[in-house]
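Below, each chain spelled out in residue letters.
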Amino acid sequence: MDIPDSARTEEPSENRVSLDLVISFLTKWDNGANFSCIADQEFPSVVDPKVTSVTIRVQYPPVVKMPKMSVVVIEGQSANLTCEVDSSPRASLSWWKLKKNLREGPLGSGTLLTLTNVTRNDRGTYQCRAINGVKPDGLGTMALDVKYPPYIRPSFPKEQSVIYGQGVFSMDCQAEGNPKPQVKWRRKDVNMFFNNPMTLSDVGYLEEGFYECIARSEGFREVRRGTFINVIGRPEVLSDSSAVSVTGGDSVRLSCTILADPPPDKITWLWTGPSGDERRYDGGRTGDVEVKTIVENAIRSELTIKSAMNAHVGDYTCQAINKFGSDQKEFRVSVTGSAVAVVGVIAGSAAVGMLLAIAAIVALSIRKGWIGRDKKKKKSSKPTESLAYCISGRSTMDYPVIHSKKADTLNQRNVIELQHFDKTPRPRPPPKVDKSPYTSGLSYSSSNDAGYDHSSAERDKLRDEDIYILRNSYYNKRQHRQEANVQKC
């Protein structure tokens, strides 16, 4: 401890008193301490006590304290970095940015460093350095974190061509941001999501379309970057059905959709019949068959059969060709029947039914005896043949027996006619005749014939005449009885 010269007094050596103050292990807390030395006489005197004061100055290296270990700001805002320093003597301050083993700066002096309009490049570690000549220098560090929205790097083109049928196709979306963004792929037309990197297997024309990479970070709006996947190669022929069955006479429409890039150079329909016959339809109308091509979002080819018949049965092939190759789709057309055939079957069935009904009626008539009368019966033109079959209950024994050929025929006919009226045959009685001189000799008793004595020839002649008269009378009366019996029956 040094005593200022003003505190020194010249005293005789025999009256001089020495007092030393020793402070061991000084610390920074002792800096600025004030000590006083008071000298006073033992006996009262007119001299006031002598007082001497001493202030201790302790030198120590700077100590840097950081109020915050990190500061978070959004890109474009301002950042305030602060440090506190304790040193003796007073230290000078400077701010530095650490980059690996290098320091960038000084960026400023004092306890406060203000960065305006910070960018993502300003993020990192900052150091506050204090120097006062006492080693070691004082150092303090803190981190600056800058948040910024996601950003997608142009790592993929706006259009990507892929060969049709390629086994595996992959595309990576590289995005950055703070915080680290989540990245996914989305197909725009179907709202289908894929993980990143996006991988497509067995690429076809259905995979062709617009895709976009989507990057999302918390606190920021999502960002997108799109690309178009263009599939090129041979045609691909699609259809909804491969088998068609129709009724004869109906119309048939076969349709196939064609996907191709470049478009097909040629679209052809091929027909192969059951017997191996072939026919080609390139377009337009050929008989009942018409082929037309419709171009909309995709190419569609339609084959129309106006009226399907058996001649149209077979396999139809829709074929498309371009410079990369060809593809085809097969259809099978079958005709189950026709309206004309159905009508013909119905008419034929009706005719067969009528024939069977007629045959049954004929068989029943024959069985009942309604058909097959005596063929020797005269035609119905004679009035006597239309006699109704109404008979009395009289027996044949009540009538005379006429012995002649004509009479036998007449009796036989009467018996036959009666057989068709009832199952039990009963002979028809001959009609009563008016008594006349010609018939008075004919009684209903055969014994009366003995009263006439004629020769054989005369008897035969007389008998023939009698039979003739009897027969004419029989027929006349039979006609009258027929009219009455018809009304009676």
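Residues numbered from 1 in each chain as written. Predicted model: local features only at pLDDT ≥ 70, side-chain atom pairs only at ≥ 80, totals over all residues. Heavy atoms only, no water.

## What to know about the nonpolar core
Working step 1: Membership of the largest hydrophobic core comes to 22 residues, with the highest contact counts inside it found for Leu254, Trp269, Leu303 and Tyr316.
Working step 2: Only β21 (252-261), β22 (266-272), β25 (289-295), β26 (299-305), β27 (314-322) and β28 (325-338) provide two or more residues apiece to this core.
Working step 3: With four residues, β21 is the largest single contributor of residues to this core. (Core = buried A, V, L, I, M, F, W, Y, C linked by side-chain atoms within 4.5 Å. Buried < 20%, exposed > 50% of the residue type's maximum accessible area, 1.4 Å probe, protein only. Helix = DSSP H or I, 4+ residues; strand = E, 2+ residues; numbered from the N terminus.)

## Side note on the side chain of Lys97
Working step 1: Note that Lys97 resides in strand β7 (residues 92-99).
Working step 2: Polar side-chain contacts of Lys97 include one of 3.5 Å to the backbone oxygen of Arg123.
Working step 3: Contact partners of Lys97, with chain neighbours within four places excluded, come to Leu102, Arg103, Glu104, Leu107, Asn121, Asp122, Arg123, Gly124, Thr125 and Tyr126. (Polar contact = N/O pair within 3.5 Å; in protein donor to acceptor, adjacent residues only side chain to side chain. Contact = heavy atoms within 4.5 Å.)

## Considering the confidence of the model for the protein chain
Caution is warranted with low-pLDDT regions, since their predicted coordinates should not be read in detail.
Working step 1: Taken residue by residue, the protein chain gives an average pLDDT of 76. The fraction at 70 or more is 67%.
Working step 2: Within the protein chain, helix α2 (residues 405-419) has the poorest average pLDDT of any element, 42, and strand β15 (residues 182-187) the best, 96.
Working step 3: For residues 340-345, every residue scores under 50 in pLDDT, and the model assigns this stretch zero contacts once sequence neighbours within four places are set aside.
Working step 4: In this model, residues 374-489 is a region of pLDDT below 50 whose contacts with residues beyond four sequence positions or in other chains number 93 contacts. (pLDDT = per-residue confidence, 0-100.)

## A look at the environment of Leu144
Working step 1: Note on placement: Leu144 falls in strand β11 (residues 138-152).
Working step 2: On the accessibility criterion, Leu144 (3% relative accessible area) is buried.
Working step 3: When the C-alpha positions of Leu144 and Arg123 are compared, they lie 5.1 Å apart, and in sequence the two are 21 residues distant.
Working step 4: Leaving out residues up to four positions away in the same chain, Leu144 has contacts with Val71, Val73, Ala79, Leu115, Asp122, Arg123, Gly124 and Tyr126.

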